[in-house]
Amino acid sequence: MRRKLLIAASILLAIPIVVIAAAILYLKLGDLSRHRATVERLVSNALGRELRIAGDFSPDIGFTSHLEASQITLANPDWSSEPYMVSVERLAGDIELLPLLRGSYGINNLEIEGAHVLLESDEAGRANWKFDTGTPADTESGVPLDFVIGQARLQDGELIVKVPSLGRPLELTVTSLEFETDDTEILDLSIRGALNEADLDLTGRLGTLAELFVAGKIEHDLEGNLGEVEFTSRGTVGDLATLADADLEISIDGPRMSEVTALFGLESLGEGPFQVTASGEPASGGYSVSLDGTLGQVSVSASGRTDALFDPGILDLEVQATGPDFAAVVALAGIDDAARTPFAVSGHVRWEGFPVTLDEVAVTIGDNRIALDGTIGAPPTLMGTDFRFDAEGPDVSAVSVLAGFGLPAESFQIHGQLVRLEGGIGIQGVEAVVGPAVAKVDGILGDPPGYAGTDLQVAAQGPNLVSFSDLAGVALPALPFEIAGRLAPEGDSISLENVSARLGPNSARVEGTF
C-alpha cells in the first residue's frame, strides 16, 4: 500500500514537470516570433496604452528561457508632450518557468540598452504613470505582480521628469545601472551617470523591484554624489508617488549653493557652502518634520507639522534663522544698500494657503528689533494682510530700507497696525518717534501711482525737517516743523481739511482743494 502511495505521489509531482517539458519542446520547435502581435495586444490591453515591438522579437524557450527584443515603445496619453512614455533599443533576459507553477516570475541577467523614460504630470493633476487599466487597483483578478529579478544591467539610458513644481525638467542620463537582489529581494543598486549635466554616483539598497513598479512601500539606504554635492537618504516611503507614510532622514551638503539652485532651475540662494539635514515621520494628522542647516554663513532651523511631505497644503512650523550679514540676505530679494550687520529671525509660522499667519515673529537687525503678529496676504497685492508691529532700536535707517525708503540714522520707536484693503492700505494707530521727531498717522493710503482713495489724518513735529529729505524725495529746509490735519487726494487735486503747519518762524492754516 505504501509503495502504491509513493508511486501515486511521484506521478502527481511529475505531471506538471512533464507538462512544462512538453510545452517547452513544442514552443522550442515553433516559430514564436509570430506571437509578437499577441504580446503587444495583451500588454496594451493590460496597461491601456499601446505597446509596439518594431524590431527583433526572439524567444528561446526552455526551463530557463531567453528573450531578446528591440525597438520597443510604450505610448504616452494624448495630452503628454512626447509620443512615448518608454522606448527601449534592446532588451534581453532569462526567464525561469518553473516558478510559474506558484504564480511568480523569476528573471535573471536582464539587459536593457538605450532606454528613454518620460515621467510627466500637468497642472490639472494628470500623470502619465497613472494607467487606465479598466479595473480597480485592488482587484484580485488576473495574474498577480509577483516577480524577482536576480541581476540587471542598464546602459545608455535616460529618465526625464517633468512636473509643475520643478523649475526645470530633471534629466537623468544613465551611463550604467546595475543591481542584484538578496534573499529578502532588496535591491543592491549602483548608478553612474549625470543629472541635469552634473555627474551622478549613487549606491545603496532600494526596496524590492515589485514595490518600485507599483510605487509602493520602499525601504532604502542610499548615498551618493551629484557633482560636488554629497547626499544620503535613509528610511521608508509608503507611497513613492506621493511620499505618503514616509519616515525619512535626508542630508545634503556641498561647497556652493548656486550649483544646486541652478541644477534644478530654482531662485538663487546666494553663494557659499551649505549643509542641510531634514527628517519627517508620521504623526497625528500628517507628519512631524524638522530641518537644520547652514546656507553660507546663515544658520536655519524649522520644526513642526505638515499634512504632506510632497506638495503640502498645511505647514505649521517654529522657525529660526541667524547670520552675520543682513545685507547679503536681503540682496537676494533685490534690496540694496542694507546694513551689513548681524540678524536673527524667530517665531511661529502657519501656512494653509494665503494668508500666512505669523505669531510672535521677532526680527533683529543689529541692535534693532521688530515684532510682528498677524497675517500676510499673497503677493503681489498682499490682499488679506492684517498685522500689528512694534519696532525699536538705535538706527531706523537699517529697518526703513525694507520698506523701500530712507530715514535718518536715528533711534526710533514705531508701533501700529497695517491692513490691506481693496485699493489701498489701512493705517491704524501708527505712532512713530524717530530721534526727536514725533508722528501719528491714521487712515488709508491709496495704491500708487495715483494714490486714489487716500484719506489720512496726520500729526508730526520735529526740530529739523532736512532729516526727511530722502523720504520726501526732495531737498527740505533745515528748520523745525509741525503739521497736523487731514489730507485726501481728489483726482488731480489734494483736499486739505483743518490743516495747520509751522516751518521755522512761519506758520499757516490751510483749508480747501488745491
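Residues numbered from 1 in each chain as written. Predicted model: local features only at pLDDT ≥ 70, side-chain atom pairs only at ≥ 80, totals over all residues. Heavy atoms only, no water.

Draft legend 1. Seen up close, the side chain of threonine 306. Here threonine 306 is to be found in strand 16 (residues 298-306). Since its relative accessible area comes to 6%, threonine 306 is described here as buried. Polar side-chain contacts of threonine 306 include one of 3.1 Å to the backbone oxygen of alanine 308. (Helix = DSSP H or I, 4+ residues; strand = E, 2+ residues; numbered from the N terminus. Buried < 20%, exposed > 50% of the residue type's maximum accessible area, 1.4 Å probe, protein only. Polar contact = N/O pair within 3.5 Å; in protein donor to acceptor, adjacent residues only side chain to side chain.)

Draft legend 2. Just the pattern of salt bridges, in detail. Taken as a whole and judged by the stated rule, the model has 19 salt bridges. Here glutamate 111 makes a salt bridge to arginine 153, at a shortest N to O gap of 3.5 Å. Here glutamate 111, found in strand 5 (residues 105-120), pairs with arginine 153, found in strand 7 (residues 151-162); they are 42 residues apart in sequence, far enough to count as distant. Accessibility expressed as a relative area gives 26% for glutamate 111, which makes it partly exposed. Between aspartate 447 and arginine 420 there is a salt bridge, and its shortest N-O distance comes to 3.2 Å. (Salt bridge = Lys/Arg side-chain N within 4 Å of Asp/Glu carboxyl O.)

Draft legend 3. View of a nonpolar patch on the surface. Residues Ile425, Leu445 and Tyr451 make up a contiguous nonpolar surface patch of about 230 Å² in total accessible area. With respect to the element layout, leucine 445 can be found in strand 24 (residues 437-446). (Patch = residues over 30% accessible without salt bridge, like charges linked within 9 Å, V, L, I, M, F, W, Y side chains within 5 Å. Areas by Shrake-Rupley, 256 points an atom, 1.4 Å probe, with all protein chains shown as cover.)

Draft legend 4. Spotlight on the environment of leucine 291. On the secondary structure map, leucine 291 appears in strand 15 (residues 286-295). In sequence terms leucine 291 and serine 251 are 40 residues apart; their C-alpha atoms lie 9.7 Å from each other. Each residue touching leucine 291, except ones within four places of it in the same chain, is listed here: Val276, Thr277, Ala278, Val300, Ser301 and Ala302. (Contact = heavy atoms within 4.5 Å.)

Draft legend 5. Just unusual backbone geometry, in detail. Across the junction of phenylalanine 354 and proline 355, the peptide omega takes the value 5°, indicating a cis bond. As for its placement among the helices and strands, proline 355 is situated in the loop between strand 18 (343-351) and strand 19 (356-365). We note that asparagine 498 has phi near 55°; this positive angle belongs to a residue other than glycine. With respect to the helices and strands, asparagine 498 occurs in strand 27 (residues 493-503). The exposure class assigned to asparagine 498 is partly exposed, which follows from its relative accessible area of 46%.

Draft legend 6. Region of the structure containing helix 2 (residues 36-47). Along its 12 residues, helix 2 runs 17 Å from first to last C-alpha, staying within 8% of the 16 Å computed at 1.5 Å per residue. Phi for glycine 48, located one or two positions after helix 2, is positive at around 75°. (Expected span 1.5 Å × (residues − 1).)

Draft legend 7. View of a negative patch on the surface. Taken together, the side chains of Glu318, Asp359, Glu360 and Asp373 define an acidic patch exposed on the protein surface. Look at glutamate 360 and you get exposed, because its relative accessible area is 63%. (Lys, Arg positive; Asp, Glu negative; His and termini not counted. Charge placed at Lys NZ, Arg CZ, Asp CG, Glu CD.)

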